[in-house]
Structures are given as C-alpha cells and as structure tokens.
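Descriptive analysis of the structure
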Amino acid sequence: RETIASQSEGWVRRVDDLEQQRKLTDQDRVKLINECADLQARLDAIAPQVQGVQELEERHAKLDAERARLADESQRLRDVNAALGVLLLGDDAPPPMAGDGGDAGAVAEA
C-alpha cells in the first residue's frame, strides 16, 4: 500500500507539474499572439511610408541616370565645339579649357 500511495503521489505531482507547464505555455502563446498582432499593426501603419521610400529611390535612380547621360552629352558637345573651333580658327583657336579632354584636335583631324 505504501508503495502504491507513493507512486500515486508521484503521478499526482507529475500531473500537477504538467498542468502548470501547460498553463505557462498557454500564457506564452497568448503573449506571442498579442505581440504578433501589435507588430502586424505597426507594419500596416508604416507600409505607405515604405512604398513612398521605394518610389523615391526609383525616381532618384532615374534622375541619376539622366544626370550621367546629360554629363556625357555635355562633354560630347564641348568636344565637338572645340573641334569646330580648331577647324574654323586653325592655330588661332584658343587653348583647351581646364577640364576639357583635349580631344578637339583628334576630332578635327577625323
């Protein structure tokens, strides 16, 4: 009888421990669900801002590409202008300005 009573007490304690663990697990689950809901609400709140940032980044990339294209076109026009100056004025043409590639003579020869 004593052995059976001891085993029964052990099983009762084990069941009580499992019940406590289940309650803690349920409480943790509720906390996690609430935290997930809060995080989803925050995400939903900042989604329009993220979309706006993405649009600005796309616009910035387009404008940067346009700026590079215009810089290349500007350099090409300066080279053509310098070459035409050499063709028209010959040796009387003004020296190339600082920052010019000095391609005027090469373009004039072509």
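Everything below is about the structure shown above.
Residues numbered from 1 in each chain as written. Predicted model: local features only at pLDDT ≥ 70, side-chain atom pairs only at ≥ 80, totals over all residues. Heavy atoms only, no water.

Examining the overall build of the protein
Note the cut-off: Put simply, DSSP H or I for four residues or longer makes a helix, DSSP E for two residues or longer makes a strand, and each gets a number counted from the N terminus. Think of it in three bands: with a 1.4 Å probe and only protein chains considered, a residue is buried below 20% of the maximum accessible area for its type, exposed above 50%, and partly exposed in between. A 1.4 Å probe and the Shrake-Rupley method give the accessible areas. Residues count as covered only by the protein chains that appear here.
Looking only at helices and strands, the protein features two helices and zero strands. A buried classification covers 5% of the 110 residues belonging to the protein. Counting every atom, the protein has about 9,900 Å² of accessible surface; 57% of that belongs to carbon and sulfur.

Here's the deal with a nonpolar patch on the surface
Convention followed: By definition, no residue in a patch forms a salt bridge, and every one has over 30% relative accessible area; like charges are joined within 9 Å, nonpolar side chains (Val, Leu, Ile, Met, Phe, Trp, Tyr) within 5 Å. The term salt bridge refers to a side-chain nitrogen of Lys or Arg lying within 4 Å of a carboxyl oxygen of Asp or Glu.
Where nonpolar side chains cluster on the molecular surface, the patch consists of Leu43, Ile46 and Val50 and spans about 260 Å² of accessible area. Turning to its location among the elements, isoleucine 46 is positioned in helix H1 (residues 2-89). Looking at isoleucine 46, the relative accessible area reads 40%, which means it is partly exposed.

Details of H1
Test applied: A helix's residues, less one, multiplied by 1.5 Å, set its expected span. Bend at a residue means the angle formed by two fitted axes: the first through the 7 residues ending at that position, the second through the 7 residues beginning there.
Counted at 1.5 Å a residue, the expected span for H1 with its 88 residues is 130 Å, and the 122 Å between its end C-alpha atoms agrees. Bending of H1 peaks at approximately 40° at the position of isoleucine 46, with proline proline 48 no more than four residues after it. Among the residues of H1, Asp79, Ala83 and Gly85 are the ones counted as buried. After H1 finishes, the residue glycine 90 shows a positive phi value of roughly 65°.

Section: the pattern of salt bridges
Tallied over the full model, the rule gives five salt bridges. Here arginine 67 makes a salt bridge to aspartate 64, at a shortest N to O gap of 3.4 Å. Placement of both arginine 67 and aspartate 64 in helix H1 is noted, with a separation of three residues, approximately one turn of the helix. Taking the relative accessible area as the measure of exposure, arginine 67 reaches 51% and is therefore exposed.

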